[in-house]
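Survey of secondary and tertiary structure
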Amino acid sequence: MANNTTIKLIEQAKKVLELNNRGSFTVPSGKLYPHQWLWDSCFIAIGMANYNAPRAKLEVLSLLRGQWQNGMIPHLIFSPNVDYEFGPTFWKSRKFKASPESADTSAITQPPLVSIAALAVADKLSAPEGRVFLKQVYSKILAYHRWIYAERDADGCGLAILVHPWESGVDNSPAWMELMKRTPDPRWIGIFLRLKLHKLINRFRKDTSSIPPHQRVNAIESYKLLYRALRFRRRGYVSKTHIAQSKHLLEDLVFNSIFVAANRALLDIATIIGETLPSDLDYRMRQTEFTLEELWDKETKQYYPRFHGNHELLKIPSIATFLPLFSGSIKQERADELAKLLSDRAKYFTDYPVPTVPLDSPYFDQHHYWQGPAWVNINWMIVRGLITYGHTELARKLRDSTLAMVGASSMNEYFSPLTGAGYGIDNFSWTAALAIDLANIKFE
Ligand code: GLC
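Residues numbered from 1 in each chain as written. Predicted model: local features only at pLDDT ≥ 70, side-chain atom pairs only at ≥ 80, totals over all residues. Heavy atoms only, no water.

1. Some details on the overall build of the chain
As a reminder, the rule being used: Starting at the N terminus, helices and strands are each numbered in turn, a helix being any DSSP run of H or I of at least four residues and a strand any DSSP run of E of at least two. Computation of the radius of gyration draws on C-alpha atoms, with the globule rule given as 2.2 Å multiplied by the number of residues to the power 0.38. Burial classes: relative accessible area under 20% of the type maximum marks a residue as buried, over 50% as exposed, and values in between as partly exposed (1.4 Å probe, protein chains only).
A tally of helices and strands in the chain yields 19 helices and eight strands. By the compact-globule yardstick of 22 Å for 444 residues, the chain fits well, its C-alpha radius of gyration being 20 Å. In terms of its C-alpha atoms, the chain occupies a principal-axis envelope of roughly 60 × 50 × 50 Å. Split into buried and exposed, the 444 residues of the chain put 60% on the buried side.

2. Remarks on the site of the ligand
Our working rule: We call a residue near a molecule or strand as soon as one heavy atom of that residue lies within 4 Å of the molecule or strand. Whenever a nitrogen or oxygen atom comes within 3.5 Å of another N or O atom, the pair is scored as a polar contact, on the condition that within protein one atom can donate a hydrogen and the other can accept it, and that pairs from neighbouring residues in sequence are kept only if both atoms are in side chains. For the area figures, the Shrake-Rupley method with a 1.4 Å probe applies, and any residue is considered shielded solely by the protein chains shown. Classes in brief: Ala, Val, Leu, Ile, Met, Phe, Trp, Tyr, Cys and Pro nonpolar; Asp, Glu, Lys and Arg charged; the others, Gly included, polar.
In the region of the ligand, the neighbouring residues are Pro-28, Tyr-33, Trp-37, Trp-39, Asp-40, Gln-110, Gly-169, Asp-171, Tyr-369, Trp-370, Phe-428 and Trp-430. Within the side chain of Trp-370, an N or O atom sits 2.9 Å from an oxygen atom of the ligand. Contact with the protein chains removes 95% of the 310 Å² of surface that the ligand exposes when unbound. Per-class residue counts for the shell around the ligand are eight nonpolar, two polar and two charged.

3. Quick look at helix α18 (residues 392-407)
Under the convention used in this document: Take the number of residues in a helix, subtract one, and multiply by 1.5 Å to get its expected span. Contacts between residues were defined by any pair of non-hydrogen atoms, one from each residue, lying within 4.5 Å.
Taking 1.5 Å of rise per residue, 16 residues should cover 22 Å, and α18 covers 22 Å from first to last C-alpha, within 8% of that figure. Of all the residues in α18, the buried ones are Leu-394, Ala-395, Leu-398, Arg-399, Ser-401, Thr-402, Leu-403, Met-405 and Val-406. Of the surrounding secondary structure, the elements contacted by the buried residues of α18 are α1 (4-19), α16 (332-342), α17 (376-388), β7 (414-415) and α19 (429-439).

4. Some thoughts on the pattern of salt bridges
Two side chains with opposite charge may pair up if their charged atoms get near one another. Test applied: Here, a salt bridge means any Lys or Arg side-chain nitrogen found within 4 Å of an Asp or Glu carboxyl oxygen.
Using the criterion set out here, one finds 23 salt bridges in the structure. Put simply, Arg-286 and Asp-282 hold a salt bridge, and the shortest N to O gap is 3.0 Å. One end of the pair is Arg-286 and the other is Asp-282, both in helix α14 (residues 279-292) and four residues apart, which spans about a single turn. Looking at Arg-286, the relative accessible area reads 53%, which means it is exposed. Among the salt bridges present, the one from Arg-345 reaches Asp-351, with a minimum N-O distance of 3.0 Å.

5. Points about the side chain of Glu-251
As for its placement among the helices and strands, Glu-251 is situated in strand β3 (residues 250-251). A relative accessible area of 0% places Glu-251 in the buried class. A polar atom in the side chain of Glu-251 sits 2.6 Å from the side chain of Arg-306. If sequence neighbours within four positions are ignored, Glu-251 has contacts with Asp-155, Cys-157, Leu-159, Ala-160, Ile-161, Asn-256, Pro-305, Arg-306, His-308 and His-311.

6. Considering the environment of Glu-101
When you line up the elements, Glu-101 lands in the loop between α4 (88-91) and α5 (114-124). On the accessibility criterion, Glu-101 (75% relative accessible area) is exposed. Spatially, the C-alpha atoms of Glu-101 and Arg-65 are 9.5 Å apart, while their sequence positions differ by 36 residues.

7. Here's the deal with the packing of aromatic side chains
Two aromatic rings, taken as a pair, are described by how far apart their centres are and by the angle between their planes. Filter applied, for reference: What counts as a ring pair is set by centres within 6.5 Å for rings of Phe, Tyr and Trp (its six-membered ring), and what kind of pair is set by the plane angle: stacked under 30 degrees, edge-to-face over 60, tilted for all other angles.
If you walk through the whole model with that rule in mind, you get 30 aromatic pairs. Arranged with centres 6.4 Å apart and planes meeting at 35 degrees, the rings of Trp-39 and Trp-370 form a pair that is tilted. Of the two residues, Trp-39 sits in helix α2 (residues 38-48) while Trp-370 sits in the loop between α16 and α17, which places them 331 residues apart along the sequence. Taking the relative accessible area as the measure of exposure, Trp-39 reaches 1% and is therefore buried. For Trp-370, a relative accessible area of 2% puts it in the buried group. A centroid spacing of 5.0 Å and a plane angle of 45 degrees characterise the contact between Tyr-149 and Phe-259, whose relative ring orientation is tilted.

8. Looking at helix α11 (residues 219-234)
Taking 1.5 Å as the rise per residue, α11 with 16 residues should run 22 Å; its terminal C-alpha atoms sit 22 Å apart, in good agreement. Extensive coverage of α11 is indicated by the burial of 14 of its 16 residues. Directly after α11, the chain includes Gly-236, whose backbone phi takes a positive value near 65 degrees.

9. Examining the packing of α2 against α17
Heads up, the condition is: Throughout, an axis means a line fitted to C-alpha atoms (over the contacting stretch in the case of helices), and angles, computed between N-to-C directions, take values from 0 to 180 degrees. Should an angle fall under 35 degrees it is called roughly parallel, over 145 degrees roughly antiparallel, and 65 to 115 degrees roughly perpendicular, with every other angle called oblique. Crossings are sorted by hand: turned counterclockwise from the far helix by less than a right angle, the near helix makes the crossing left-handed, and turned clockwise it makes it right-handed.
α17 packs onto α2 with a crossing angle of 60 degrees between their chain directions and a minimal axis gap of 12 Å. Between α2 and α17, the angle is such that the two are oblique. The interaxial crossing formed by α2 with α17 has left-handed handedness. Contact residues: Trp-39, Phe-43 and Ile-46 in α2; Asn-377, Trp-380 and Met-381 in α17.

Here it is, written out as structure tokens:
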């Protein structure tokens, strides 16, 4: 795909990544997200590997500096002395023995793309360098996957239970908002509402000072997110206690689809470096693939997340349904159904697909964060999944429309699926990085 427009797009994307480069890692946006995020860094490493594999290697390694002794890789590693609303004073990670000594971090995780990123980077290094790098990261990534099974698969069914919407990466997606509605609010949120304090606090919010408020989660939703994190902190960040004491938690579809793909990448890494995965882990990984299939709903022919506990599917349609394509573990007939659904112009195949919820959803709002806009990371995972299942033509169309949308923008965070207009913050790192990776896909 090397025409002039693409060459220009790649050059522009590299500049964005340079702008957000902080030496050994890259921030999602210098203006709005001045720290290191887990899945952002993985997407960044994947894109960067196309033109600077040694630097992409550093991106993955720097992520591992945040790993806790129990194996958890946190969703956020804080840059020192950078002001942030939910920063180190909020998470207080250093009070917890398992946290790393050299960095302040959050105490929750994010979609576990680390093995996928490591493998993509190794693929672009020379074979011996790739092997050395994979040997360097293998035991750490193995410990991370072990942590997910030990701490988050409380009932041993194979699917990870998330303790906070931020862990899904799709913070305010309808499923998570529905779940939050079912959780009683603490009294202070009622008081805030009565005294209209949220209006006052809104004025000091960083995101809404640079981005129109209707594109972000509202103040009340933010408090609820904050409250959930505080509750987890009060329980000493012990996932098992938190899971045992919480009524409403999700086995999230985005996270678990990625988890399957990440398990497969970990197995590939082990094979490349001549290691064998521990047999108990191997067994649980197969169980995760098997249980992912339980998230399929025969009637509506879609996948959904489900409640932990009663295992009831939370049947709110969203792009999460397409993520099992990325897992690589579903049957061809399921992939064919998903490709059909994705091609539906009245639901998902808009002029600038893929909207995060279908056009006919009551949640749909082309401006509103994870409830309507198209996101490049989601499109990238869907394109990769479609290729795996032989839906090459659809993958190519989605790749081309994604690049057209990004090329006409300032490399924004998300986009209107109707007009392609860029929303959220500009110069956003994963938009830039994954545009580079998409541009490098060679379709026969
Ligand atoms: C927002 C997104 C999350 C992302 C973070 C940094 O919180 O919802 O997925 O990791 O920003 O870009």
